[in-house]
Amino acid sequence: MRSTFMGLEASKRGLFAQQSALYTTGHNISNANTEGYTRQRVNMTPTLGYPGIGLDSPKTAGFIGTGVEVTAVQRIRDDFTDKQYRQETNKLGYWQAKSDTITQMEDILNEPSDYGLAQTLDQFWNSLQDLNVNPEDGGARAVVIQRGIAVADSFNYMYNSLSKVKENTAKEIGVLLKDANSILEQIASLNGQIQAIEPNGYMPNDLYDARDSLLDQLSTYYPIETTKVPSGGNALAIAEGATTVSLKLNDGTTVKLVDGNEYVQLRNSGESATDGQTPAGMVTGLHIVKVNSNGTETFLSNDWSSTRKTVNDINNFSTLGKFKGLVDSYGYSTDGSGDANTEKGQLPDMINKLNLMAQSFATEFNKLHKDGTDLTGTSGEVFFVQNGTTDETGITAGNIYVAQNLIDDPNLIAASDSDPNPGNPEPGNGKQALKLANMKFSGLSELEDISVQTYFEGLIGQLGVDGQQAERLAYNAQTLQQAVEERRDSVSSVSLDEEMTNMITFQQAYNANARMITVIDETLDKIINGMGRVGL
Amino acid sequence: MRVTQSMLSGNLLRNLSNNYSKLGKLQEQINTGKKVTRPSDDPVVAMKGISYRTELNNVEQFSRNIGEAYNWLDTTDDTYDKIGSALQRANELMVQASNDTSTTDDRMAINSELQQLREHIQNLANTKIGDRYIFSGTKTTTAPYQEGVGYDTNMSDPSFQKTIEIEVFNGINLQINSTPIAMFKEIDQMFEQISTDISSGKAGSELSAHITTIDNNMNKLLTERADIGARQNRVELMDSRLQSQEIIATKRMSENEDIDYEEAIVEMTTQESILRAALSVGAQIIQPTLVDFIN
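Figured I'd write up the structure that's included with this text. Quick caveat: nothing in here was measured; it's all calculated off a predicted structure. (Residues numbered from 1 in each chain as written. Chains lettered and ligands numbered in written order. Predicted model: local features only at pLDDT ≥ 70, side-chain atom pairs only at ≥ 80, totals over all residues.)

## A short note on the overall build of chain A
The secondary structure content of chain A amounts to 11 helices and 14 strands. A globule of 536 residues ought to have a C-alpha radius of gyration of about 24 Å, yet chain A, at 38 Å, is considerably larger. (Helix = DSSP H or I, 4+ residues; strand = E, 2+ residues; numbered from the N terminus. Rg over C-alpha atoms; globule rule 2.2 N^0.38 Å.)

## Section: the overall build of chain B
Helix and strand content of chain B: eight helices and four strands. If you list the helices and strands of chain B from N to C, you get α-α-α-β-β-α-β-β-α-α-α-α. Over its C-alpha atoms chain B spans a radius of gyration of 38 Å, topping by over 25% the 19 Å that the globule rule assigns to 295 residues. On the principal axes, the C-alpha backbone points of chain B span a range of 140 × 35 × 25 Å. Residue burial in chain B is summarised as follows: out of 295 residues, 29% are buried. In chain B, the share of contacts with a sequence separation of at least 24, taken over all contacts with a separation of at least 6, comes to 73%. (Buried ≥ 20, exposed ≤ 12 C-beta atoms within 10 Å, placed from the backbone. Contact = placed C-beta atoms within 7 Å.)

## Observations regarding the pairing of strand S9 (residues 297-300) of chain A
Residues and elements named next belong to chain A. Note that strand S8 (residues 285-291) and S9 share four bridges and pair antiparallel. Bridging across to S9, Ile288 finds its partner in Leu300. Hairpin connection from S8 to S9: five residues lie between these consecutive antiparallel strands, with Gly295 at a positive phi of about 95°. (Pairing = 2+ DSSP bridges.)

## Thoughts on the sheet that holds strand S5 (residues 254-259) of chain A
Residues and elements named next belong to chain A. In space, the four strands of this open sheet follow the order S3-S4-S5-S6, with antiparallel pairing throughout. Bordering the open sheet on either side are strand S3 (224-229) and strand S6 (262-263), each of which pairs with just one other strand. Bridging between strand S4 (residues 242-248) and S5 involves four bridges; their strand directions are antiparallel. Looking across to S5, one finds that Leu247 is bridged to Val255.

## Quick look at the nonpolar core
Core analysis: the biggest nonpolar cluster contains 107 residues, and A:Phe155, A:Leu184, A:Leu354, A:Ala358, A:Phe384 and A:Ile400 have the highest contact counts within it. Tallying contributions element by element places helix H4 (residues 138-197) of chain A first for this core, with 22 residues. Those residues in contact with A:Phe384 that sit more than four places away from it in its chain are A:Ala152, A:Ala362, A:Phe365, A:Asn366, A:Glu392, A:Ile395, A:Ile400 and A:Val402. Judged by nonpolar contacts, the second largest core, of 45 residues, contains B:Val59, B:Tyr80, B:Ile121 and B:Ala125. (Core = buried A, V, L, I, M, F, W, Y, C linked by C-beta atoms within 7 Å.)

## Quick look at unusual backbone geometry
All names here are of chain A. Pro51 follows Tyr50 through a cis peptide bond whose omega is 5°. Tracing the sequence through the fold places Pro51 in the loop between strand S1 (40-46) and strand S2 (68-75). The phi angle at Glu448 is positive, at roughly 55°, despite the residue not being glycine. Positionally, Glu448 belongs in the loop between helix H9 (431-437) and helix H10 (452-492). Owing to 9 C-beta atoms within 10 Å, Glu448 belongs among the exposed residues under this scheme. In this structure, Asp449 is a non-glycine residue whose phi angle is positive, near 60°. Take Asp449: it is sitting in the loop between H9 and H10. Looking at Asp449, the number of C-beta atoms within 10 Å reads 10, which means it is exposed.

## Points about the environment of A:Ile53
All names here are of chain A. Relative to the assigned elements, Ile53 resides in the loop between S1 and S2. Accessibility expressed as a C-beta count within 10 Å gives 8 for Ile53, which makes it exposed. A C-alpha to C-alpha distance of 30 Å links Ile53 and Gln19, two positions 34 residues apart in sequence.

## Section: the interface of chain B and chain A
Taken together, the 43 residues of chain B in the interface contact 43 residues of chain A. Of all the secondary-structure elements, those providing two or more residues to the side of chain B that touches chain A are helix H1 (5-32), helix H2 (43-98) and strand S3 (165-169) of chain B. Ranked by the residues each element gives to the side of chain B that touches chain A, the list is headed by H2(B), at 12 residues. When grouped by side-chain class, the residues that make up the side of chain B that touches chain A number 14 nonpolar, 17 polar and 12 charged. (Nonpolar A, V, L, I, M, F, W, Y, C, P; charged D, E, K, R; others polar.)

## Things to note about the environment of A:Asn405
Structurally, the position occupied by A:Asn405 is in helix H8 (residues 404-408). Along the sequence, A:Asn405 and A:Thr390 sit 15 residues apart, while their C-alpha atoms lie 9.1 Å from each other.

## So, the packing of helix H2 (residues 79-109) of chain A against H10(A)
Residues and elements named next belong to chain A. Interhelical geometry of H2 versus H10 gives an angle of 150° and a closest axis separation of 7 Å. The angle between H2 and H10 falls in the class roughly antiparallel. For the pair H2 and H10, the sense of crossing is left-handed. Among the residues making up the contact of H2 with H10, the classes are represented as 15 nonpolar, nine polar and nine charged. (Axes fitted to C-alpha atoms, helices over the stretch in contact; angles between N-to-C directions. Parallel < 35°, antiparallel > 145°, perpendicular 65-115°, else oblique. Left-handed = near helix turned anticlockwise from the far one by under 90°.)

Here is the structure:
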């Protein structure tokens, strides 16, 4: 026999379930604009019918429903789009970092303009042409010196500014690693909380959201791989469990970073600052350490199985993520050895090329200058030197300058091609000045037989092409990322219209349940107060 | 596909910011008048821009050099013209002196005038442009004719025979000086001989031999002048060539990197109206939700 009050119980369950749904709708609406929030849904299932099945179960006609129960509050999210989103974020991070560096380099090189190195060089050549026309003129000589200084200044400025950008990039790499390491710590802590809640049969949706936001952020830094480890105990089947996070390398090896509530920290293996994260020399690779509670660090192998230090060669990193983008700009060792001549990267390459250009320009110019004779008929000396010395070897873009004795006495400029023996001065002879001016067209052997000017044009062209590529790929990655984000939002984001509709649905269902209770109340009233009163 | 409010507003914001960035780019182009402001805008234009600038710069430098060439050649020509006139006068005087009707007094008077002409030519030999003696080869700070020494010491210095060349076009050098110091010396010696002969009272027939010497020197001078004239012609040709080169180089540079204003402004107007449309549509779609219609 069914119970007298069974209907009341069923409707009470209905009231509770609809109320939960209504509250969840409220939660969704409250979080409509929360970054990383995923809309939640109340999963309702009918409770088991009456009577229960068993040998001694009463024999009744039919299997009567007993109401509804809330099995879980679930967030609506698609793992697959998350994966896609993170892949695109990787690419975006890489190309954006590269594009940013190249933009800074372009600002420094300042071409095409009326103020860049090309223009300074042009003016220098012009001053030599003027010197050829007026070799005995002190004014023309002073102008050559000043224009020479301007060329040296341009080289110095570019060198110093590029070095500064390089320095800042190193700091940025350090900050990035610190940030990423802190994210790892946070993910581990969230994993711990999730592992504590799930065995009780709950779904910590908002913790999942927080963890996914952190994973999104982490994937802008480097490519990651995640796997889920279900919690034990009474965990629901749809519970997500703890997330194991690994860094994915180019050859498929993975470096475990977070496992449950345990985490490790990434450290720079090459020469670094005391924090172990900001590179001080070129980047050679990364390794992981376990930071103990007292602050000491223990090395770990990639899968945490041994305490052996395992350095992951930087060349094994895919061109994904902001970290690799910054490293490619900052400079890394092509064989992981850290040898000075294995350095490669957008900034060191540019600095090296400028150095080569300054060196070969100075050497050739000095050679021609020494072939000439000055106003007193004696042979010319070095024109460009290392700043503050009289040394012409080891000139770089950073230290090239005009020799001090020439600055003090411009008459020492060897504009003439007269015979230095016996030293007959020819003040009106400007033939050597013309040769110097025409060096602008002559190919230099150190620069593979192309002239300084053409070499510089090549540098600018290459930088432009690289910049254009980085910008285009960053734009593409952004477009793709937006498309995926759109798809993800389409699944997960809160639609106010939908929530309003749900609100009406749940409200009405709640009302209907209440009405049901009234009906049952009335039927019971009939039995209790209206029956057995025949004739009254 | 399920579309939510946050997606719409996100998209709107993104599109608006895209519009602004395009608008910004166009404004920058219009403000600077250049198609590219950094190499990555268009690497080819940037690279070409550098070499076109250099080319234009070259042409401008050569034009400046040409100015100096004109200066030297014109001054040289003018000096030769004056020396020519002096020799012409000397010729007339010698014809007069060699005439047997001339008395000794007449000849002495003629001699003193001839000596004035000699000094005049010596002064002309020391012609300067600015601080530079133009007939001193590459020894431009030393006068070719030195008081008391004459031309002799300088004759022995090969620097006085050296040419001064300037570049007037890529790889084309032009000699702007001439080195007539030997001719000057001959003219000077000639005047000295005439003076000696007149002072020693030689007969008219003997003096008339000097007329031939004067003629010879005249011819030498004319040859020098012809050379200068030929070079002047060359400079003029080069000058007009450089002028057209300058126009071509400027035009090429401008075509390479300058914007087409009409095009840029039309594009900007288009972009502005797109922005306006995006803004007004945005205002419409963001506003209402179901919330506005239920009570």
